Amino acid sequence: MGIISSGFRGRRSENPALPPGQHETQDFPVLTAGPAPLIPIDEWEFFITTENGLRLSWSWNEFLALPQEEITKDIHCVTSWSKLGTVWRGVSLDALFENVETTSDFATAHSFGGYTTNVPLWDLLGGKAWVAWEFDGEPLERAHGGPARLLVPHLYFWKSAKWIHGLELTGEDVPGFWESNGYHLHGNPWREERYS
Amino acid sequence: MNGPDNFAVPDSEDQDIAAAPHDPIPYVDGNATAGALSEVFRIDIIAALGRCRHCGSVRAFGEAMAFTDAPGIVVRCRDCHGVLLRLVETPSQYWLDLSGLSYLEIDREE
Ligand SMILES: [Zn+2]
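Keep in mind the model is a prediction, meaning the values are calculated, not measured.

### Remarks on the overall build of chain A
Link 1 in the chain: When helices and strands are counted, chain A shows three helices and eleven strands.
Link 2 in the chain: Taken from N to C terminus, the helices and strands of chain A fall in the order α-β-β-β-α-β-β-α-β-β-β-β-β-β.
Link 3 in the chain: The C-alpha radius of gyration of chain A comes to 17 Å, within 12% of the 16 Å expected for a compact globule of 196 residues.
Link 4 in the chain: Projected onto its principal axes, the C-alpha coordinates of chain A cover approximately 60 × 35 × 30 Å.

### Concerning the sheet that holds strand S3 (residues 55–59) of chain A
All names here are of chain A.
Link 1 in the chain: The strand order S3-S2-S11-S6-S7 describes an open sheet built from five strands, whose pairing is mixed. If you trace the sheet from one side to the other, it starts and ends with S3 and strand S7 (116–120), each paired once. Pairwise comparison of adjacent strand axes, ignoring direction, gives a mean angle of 15° for this sheet.
Link 2 in the chain: In this sheet, S7 lies alongside strand S6 (residues 106–111) in antiparallel orientation, the contact comprising five bridges. Across the sheet, phenylalanine 106 pairs through a bridge with proline 120, a residue of S7.

### Examining the coordination of the zinc ion
Residue and element names in this part refer to chain B.
Link 1 in the chain: All of the protein donors around the zinc ion are Cys52 (SG), Cys55 (SG), Cys77 (SG) and Cys80 (SG); their distances to the metal are 2.3 to 2.4 Å.
Link 2 in the chain: Coordination at the zinc ion is tetrahedral, judged from the four donor atoms that bind it and the angles of 103 to 111° they form at the metal.
Link 3 in the chain: Each donor residue of the zinc ion lies on one chain, and together they are spaced C-x2-C-x21-C-x2-C.
Link 4 in the chain: On the basis of relative accessibility, which here comes to 39%, the residue cysteine 55 falls in the partly exposed class.

### Details of the interface of chain A and chain B
Link 1 in the chain: Each partner contributes residues to the interface: chain A has 32 residues there, and chain B has 30 residues.
Link 2 in the chain: Buried area between chain A and chain B, summed over both chains or domains, comes out near 2600 Å², and the portion from carbon and sulfur atoms is 60%.
Link 3 in the chain: Summed over the shared surface of chain A and chain B, the result is zero salt bridges.
Link 4 in the chain: Across the side of chain A that touches chain B, the residue classes tally to 17 nonpolar, 13 polar and two charged.

### Brief notes about the nonpolar core
Link 1 in the chain: The biggest cluster of nonpolar side chains holds 48 residues, and the ones touching the most others in it are Phe46(A), Leu93(A), Leu96(A), Leu124(A), Val131(A) and Trp178(A).
Link 2 in the chain: Within the residue set of this core, elements represented by two or more residues are strand S2 (45–49), helix H2 (60–64), helix H3 (93–96), S6, strand S8 (130–135) and strand S11 (164–170) of chain A together with strand S4 (65–67) and strand S6 (83–89) of chain B.
Link 3 in the chain: At three residues, S11(A) tops the list of elements feeding residues into this core.
Link 4 in the chain: Val131(A) has contacts with Phe46(A), Phe63(A), Gly90(A), Val91(A), Leu93(A), Leu96(A), Ala148(A), Arg149(A), Leu150(A) and Ile164(A), leaving out every residue within four places of it along the chain.
Link 5 in the chain: Of all hydrophobic cores here, the second largest spans 17 residues; its members include Phe41(B), Ala66(B), Val75(B) and Cys77(B).

### Observations regarding empty space enclosed by the protein
Residue and element names in this part refer to chain B.
Link 1 in the chain: Counted according to the given criterion, the structure contains two cavities of 30 Å³ or more.
Link 2 in the chain: As a volume, the largest cavity reaches approximately 90 Å³.
Link 3 in the chain: At the level of secondary structure, the elements contributing two or more residues to the lining of the largest cavity comprise strand S2 (49–52) and strand S3 (58–60).
Link 4 in the chain: Broken down by element, the residue count for the lining of the largest cavity peaks at three residues, all from S2.
Link 5 in the chain: In the lining of the largest cavity, the residues fall into seven nonpolar, two polar and four charged.

### Considering the side chain of His76(A)
Residues and elements named next belong to chain A.
Link 1 in the chain: Inspection of the secondary structure assignment puts histidine 76 in strand S4 (residues 69–76).
Link 2 in the chain: When its relative accessible area of 3% is taken as the criterion, histidine 76 is described as buried.
Link 3 in the chain: In this structure the side chain of histidine 76 is engaged in a polar contact, spanning 2.7 Å, whose partner is the side chain of serine 82.

### Digging into the pairing of S6(A)
All names here are of chain A.
Link 1 in the chain: Of all six residues making up S6, five are buried, and the element is well covered by its neighbours.
Link 2 in the chain: Linkage of S6 to S7, two consecutive antiparallel strands, is achieved through a turn of four residues, within which glycine 113 is found at a positive phi near 95°.
Link 3 in the chain: With six bridges joining them, S6 and S11 adopt antiparallel strand pairing. Looking at S11, one finds that threonine 108 is bridged to glutamate 168.

### Digging into the pattern of salt bridges
Link 1 in the chain: Applying the stated rule across the entire model yields eight salt bridges over all chains.
Link 2 in the chain: For Arg194(A), the salt bridge goes to Glu192(A), with nearest N and O atoms at 2.8 Å.
Link 3 in the chain: What makes Arg194(A) buried here is its relative accessible area of 9%.
Link 4 in the chain: In this structure Glu192(A) comes out as partly exposed when scored by relative accessible area, which is 38%.
Link 5 in the chain: Arg59(B) is paired through a salt bridge with Glu63(B); the nearest N and O atoms lie 2.7 Å apart.
Link 6 in the chain: Here Glu63(B) falls in the partly exposed class, since its relative accessible area comes to 36%.
Link 7 in the chain: Overlapping salt bridges bring together Arg59(B), Glu63(B) and Asp79(B) as one network.

Calculation criteria
- Residues numbered from 1 in each chain as written.
- Chains lettered and ligands numbered in written order.
- Predicted model: local features only at pLDDT ≥ 70, side-chain atom pairs only at ≥ 80, totals over all residues.
- Heavy atoms only, no water.
- Helix = DSSP H or I, 4+ residues; strand = E, 2+ residues; numbered from the N terminus.
- Rg over C-alpha atoms; globule rule 2.2 N^0.38 Å.
- Pairing = 2+ DSSP bridges.
- Axes fitted to C-alpha atoms, helices over the stretch in contact; angles between N-to-C directions.
- Donors = N, O, S within 2.8 Å, 3.2 Å for Na, K, Ca; no water.
- Tetrahedral: all angles 85-135°; square planar, octahedral: opposite > 155°, others 65-115°.
- Buried < 20%, exposed > 50% of the residue type's maximum accessible area, 1.4 Å probe, protein only.
- Contact = heavy atoms within 4.5 Å.
- Buried area = accessible area lost by both parts, 1.4 Å probe.
- Salt bridge = Lys/Arg side-chain N within 4 Å of Asp/Glu carboxyl O.
- Nonpolar A, V, L, I, M, F, W, Y, C, P; charged D, E, K, R; others polar.
- Core = buried A, V, L, I, M, F, W, Y, C linked by side-chain atoms within 4.5 Å.
- 1 Å grid on protein atoms, 1.4 Å probe; cavity = no way out; pocket = protein on both sides within 12 Å on 5 of 7 lines; lining within 4 Å.
- Points joined across faces, edges and corners; volume = space filled by probe spheres on them.
- Polar contact = N/O pair within 3.5 Å; in protein donor to acceptor, adjacent residues only side chain to side chain.

Quick look at the structure:
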């Protein structure tokens, strides 16, 4: 390899915001495993179910009445692009879990349309994850997961399930859609947890 | 809500499916997966007839809906949008899930 290409790689890896193997993009590519479900807002809900049969749910208006946060975070897609400084608005999962008592260590995120992904509960709490419904000051586009998507920016972006419907708490870590077919159970971009 | 292997098994009453004509997510037809799938199949899977495990429809594999802007290739039934095939390529392995196809009917070479 010539001097030019190694110099280019050198500069890129000097950006401390980029995890290993990632490059920065200005676009917001649409990656999806299937059609975008159309969810009428009066039928939308977000649910949490626990191992002892408790089911909490919020309608769209109940969800919007919860404390809203503005979130500025870098996001990292496992296909190797990263987008820095993205701005979202949404509800912290800490607020949604306020009245949830559980001994579960894991959650399966369920999307409208059937997509699933598994996330340890400790990756969802403590100011690390949100249900986001605004991107860059605009309502989240349907192609990007609107009305609302999970936002877990410290993990690869396939964990930030589009069209989020709810979280099912589980005792075991149950592989989701991509995790059951080659992708890593956890997906930390700083450890390059891409594949299983 | 979901099948035992985490796939949605939509039916024709499903709102998600009814919305398909206005879907902002692009897809291509199954023929477009020929290159990637020729790496793992010695047969011509594009011309094979496959039966969808979710709705029972039987069609040429090449007629299916292929979502390729994703961490892997996802091929879905054109009739019910259930997942027929998933292929993930890692640096060292292929992960192939065919559980959405209850059979493939493949012409033998003359
Ligand atoms: Zn089908």
